Amino acid sequence: MSKQVLKEGRLVIPGIGIVEADVAMENGKITAIGQGLSGDEEIAVAGKYVLPGLIDPHIHLGIFGDLAEEMEKETASALRGGITTVGVFMGGPKPYRSYFMDVMDLADARAATDVFFHLAIMTPEQQSEIPFYAQELGITSFKLYMSGIPGLIPDVDDGFMLQTLEIVAGLGEKAIACVHAENPHLIRVATERVRARGGETLADWADTHPNAAEEDAVRRAAYLNGLAGSRLYLVHISTAESVRALAELKPRYPKLFAETTSPYLSIDKFSSLGLVAHMVPPFRDPASVEALWQGLTTGLLDTVGTDNVTLTLDLKGAAKGIWGAMPGYPAVGTSLPVMLNYGVNGRDFDLVRLAEVMSKNPAKIYGLYPRKGTIAPGSDADLVVVDLDEVKTVRHEELGSRADFSLYDGQNLKGWPVLTIKGGRVVVKDGQMVAEASGRFLKRSL
Ligand SMILES: [Zn+2]
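What you are looking at is a predicted structure, and each value in this text was computed from that prediction instead of being measured. (Residues numbered from 1 in each chain as written. Predicted model: local features only at pLDDT ≥ 70, side-chain atom pairs only at ≥ 80, totals over all residues. Heavy atoms only, no water.)

Turning to the nonpolar core, a few remarks are in order. Formed by 112 residues in total, the largest nonpolar core has its most connected members in L51, F100, F117 and L234. Residues lining this core come from more than one domain, with at least three contributed by each of domain 1 (4–49 + 379–433) and domain 2 (54–365). When sequence neighbours within four positions are dropped, the list of residues in contact with L234 reads V179, A181, V218, A221, L246, L256, F257, A258 and E259. Formed by 17 residues, the second largest nonpolar core is a distinct cluster that contains I13, V45, A381 and I421. (Core = buried A, V, L, I, M, F, W, Y, C linked by side-chain atoms within 4.5 Å. Buried < 20%, exposed > 50% of the residue type's maximum accessible area, 1.4 Å probe, protein only. Domains from an automatic or database assignment. Contact = heavy atoms within 4.5 Å.)

Encoded structure:
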């Protein structure tokens, strides 16, 4: 395989800063960083910023569509948006031992990005198989829903949760528990009240999942996790209250990590999107949006994912009202431009910090660093080149997803990826796939 050199980019290197240099790549790996490097093929990116390939640690595939089709299409959509690795949450009542090898094969065969998996632990049988998943399948992250999705995912109680956290702790420092932190009892009471008053808007929906339900569960998860001694990752934190709680909890619990999502950082409950933005947890008050940005800046929040669920408008069913609409939305293809528009360009959010929360931190937390998450010799040659000044209107048709809408349709966003390099090859240029990309299942070790 030939030697590629990315010329004169402004490399955004987490922990180091911005360095103007060339990057040499061979056999899918970065081989050198320096001045005046030459190769068989040179890619000129003078003046543009180059980030390590981004990791979306939180997406879902195959919930409402065919898993094989989404494995191919939604990962390709991710790649167009500068994301070169995805963490896929998988769930279901069946023990994963019985079928998950096939899912891993599917990732090898069809995914455009690299893929790692998190497994939802919902039953005692799955709980007892956790060591098998970690030791034999190379899957080291496990999800618990303190509050599930009615009809789809059951809640786990605190006892089941503590037992699971203890099993994860027993696997050592590389395994981690992921928790959807909301208190289902507070949600039930709040939901009854909103029903009684005839609530029907996106803001009413927010009231069914009060901010307090998230804060309470965040505190309880951190406490139980402290008892168990495992590492804990709180998914999709959405409220100012949780960020404030993290300020108290993180100094006490050093193994606690927290994620928010690019939609929570850009949309609030007063959005004119209406019930197309129906979600669990819901979009919140504008003060929470600002608190999430603060939390990302100060380090209380560690990562940015999307919680991408691919849906069509028909399945979404916004016309069915707040009690009938389906939660979820596609977001993996717009995550980087949203972060560049609302963060780097809109709020002076630091670009090096963006590379941390969208690449280095998820890589470290999930045991993929330094193969992923940085620009350094020996790391995978996954890179994304961004133009901070490019303004483009979002059209879902151009995102390459199976979904027939985007939350950002018609919006002008400033700051876009212009080149995605996966395994040393340019695979996306100006939003278009220019070469076939093939990703792999990333097996993790304990
Ligand atoms: Zn999710």
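Picking up after the structure, the text goes on.
A separate point is the packing of aromatic side chains. For the structure shown, the criterion picks out 14 aromatic pairs. Ring geometry for Y264 and F283: centres 5.6 Å apart, planes at 70 degrees, overall edge-to-face. Note that Y264 is positioned in the loop between strand 12 (256–261) and helix 10 (286–298) and F283 in the loop between strand 12 and helix 10, a separation of 19 residues in sequence. Among the aromatic residues, those joined into a ring-pair cluster are Y96, Y99, F100, F117, F132, Y133, F142 and F441. Residue placement shows R97 over the ring face of F132; its charged tip is 3.8 Å from the ring centre. Note that K364 overlies the ring of Y369, its terminal NZ or CZ placed 4.9 Å from the centroid. (Phe/Tyr/Trp six-rings, centres within 6.5 Å; stacked < 30°, edge-to-face > 60°. Helix = DSSP H or I, 4+ residues; strand = E, 2+ residues; numbered from the N terminus. Lys NZ or Arg CZ within 6 Å of the ring centre and 35° of its normal.)

Now for the domain arrangement of the protein. The parts lose accessible area when they come together, and the size of an interface is often stated as this lost area. Here the domain parsing of the protein yields domain 1 (4–49 + 379–433) and domain 2 (54–365). Domain 1 and domain 2 are separated by 26 Å when their C-alpha centres are compared. Every contact between the two is made by 38 residues of domain 1 and, on the other side, 48 residues of domain 2. The largest share of the area that domain 1 buries against domain 2 comes from R402, F405 and L407, three residues that together contribute 24% of it. Residues D114 and K422 are paired through a salt bridge, measuring 3.2 Å at the closest nitrogen-oxygen approach. Taken together, domain 1 and domain 2 are joined by 15 residue pairs in polar contact (both at pLDDT 80 or more). For the side of domain 1 that touches domain 2, the elements supplying multiple residues, two or more each, are strand 1 (4–13), strand 2 (17–26), strand 14 (383–393), strand 15 (412–422) and strand 16 (425–429). When residues of the side of domain 1 that touches domain 2 are assigned to their parent elements, the largest contribution, nine residues, is made by strand 15. Of the residues contributing to the side of domain 1 that touches domain 2, the split by class is 21 nonpolar, 10 polar and seven charged. (Buried area = accessible area lost by both parts, 1.4 Å probe. Salt bridge = Lys/Arg side-chain N within 4 Å of Asp/Glu carboxyl O. Polar contact = N/O pair within 3.5 Å; in protein donor to acceptor, adjacent residues only side chain to side chain. Nonpolar A, V, L, I, M, F, W, Y, C, P; charged D, E, K, R; others polar.)

Turning next to the pattern of salt bridges. Overall, the coordinates contain 25 salt bridges when judged by the stated rule. The shortest N-O distance in the salt bridge between E72 and R110 comes to 2.5 Å. In this pair, E72 sits in helix 1 (residues 67–80) while R110 sits in helix 2 (residues 100–110), placing the two residues 38 residues apart along the sequence. Residue E72 is classed as partly exposed on the basis of its relative accessible area, which comes to 38%. Between D380 and R371 there is a salt bridge; the shortest N-O distance is 2.8 Å. On the basis of relative accessibility, which here comes to 7%, the residue D380 falls in the buried class. Judged by relative accessible area, which is 39%, R371 ranks as partly exposed. In the salt-bridge network here, residues are joined through shared partners; they are K29, D114, R371, K372, D380, D382 and K422.

On to the coordination of the zinc ion. Here the zinc ion is held by the protein donor atoms H58 (NE2), H60 (NE2) and D307 (OD), which lie 2.0 Å from it. For the zinc ion, the single-chain donor residues occur in sequence as H-x1-H-x246-D. Taking the relative accessible area as the measure of exposure, H58 reaches 0% and is therefore buried. A residue is classified by how much of its surface remains accessible, and H60, at 8% relative accessible area, is buried. (Donors = N, O, S within 2.8 Å, 3.2 Å for Na, K, Ca; no water.)

Attention now moves to the sheet that holds strand 12. If you trace the eight strands from one edge of the open sheet to the other, you get 6-7-8-9-10-11-12-13, paired in parallel fashion. A strand with exactly one partner marks an edge of an open sheet, and here the two such strands are strand 6 (54–60) and strand 13 (303–305). The mean angle between the axes of side-by-side strands here comes to 30 degrees, regardless of whether they run parallel or antiparallel. Pairing analysis gives two bridges linking strand 8 (residues 114–120) to strand 9 (residues 141–145), with the strands arranged parallel. The residue bridging A120 from the neighbouring strand is K143, located in strand 9. Contacting strand 7 (83–90) and strand 8, helix 2 crosses the sheet at an angle of about 155 degrees to strand 8. Contacts from helix 5 (residues 158–170) reach strand 9, strand 10 (176–180) and strand 11 (232–234), with the element oriented near 170 degrees to strand 9. (Pairing = 2+ DSSP bridges. Axes fitted to C-alpha atoms, helices over the stretch in contact; angles between N-to-C directions.)

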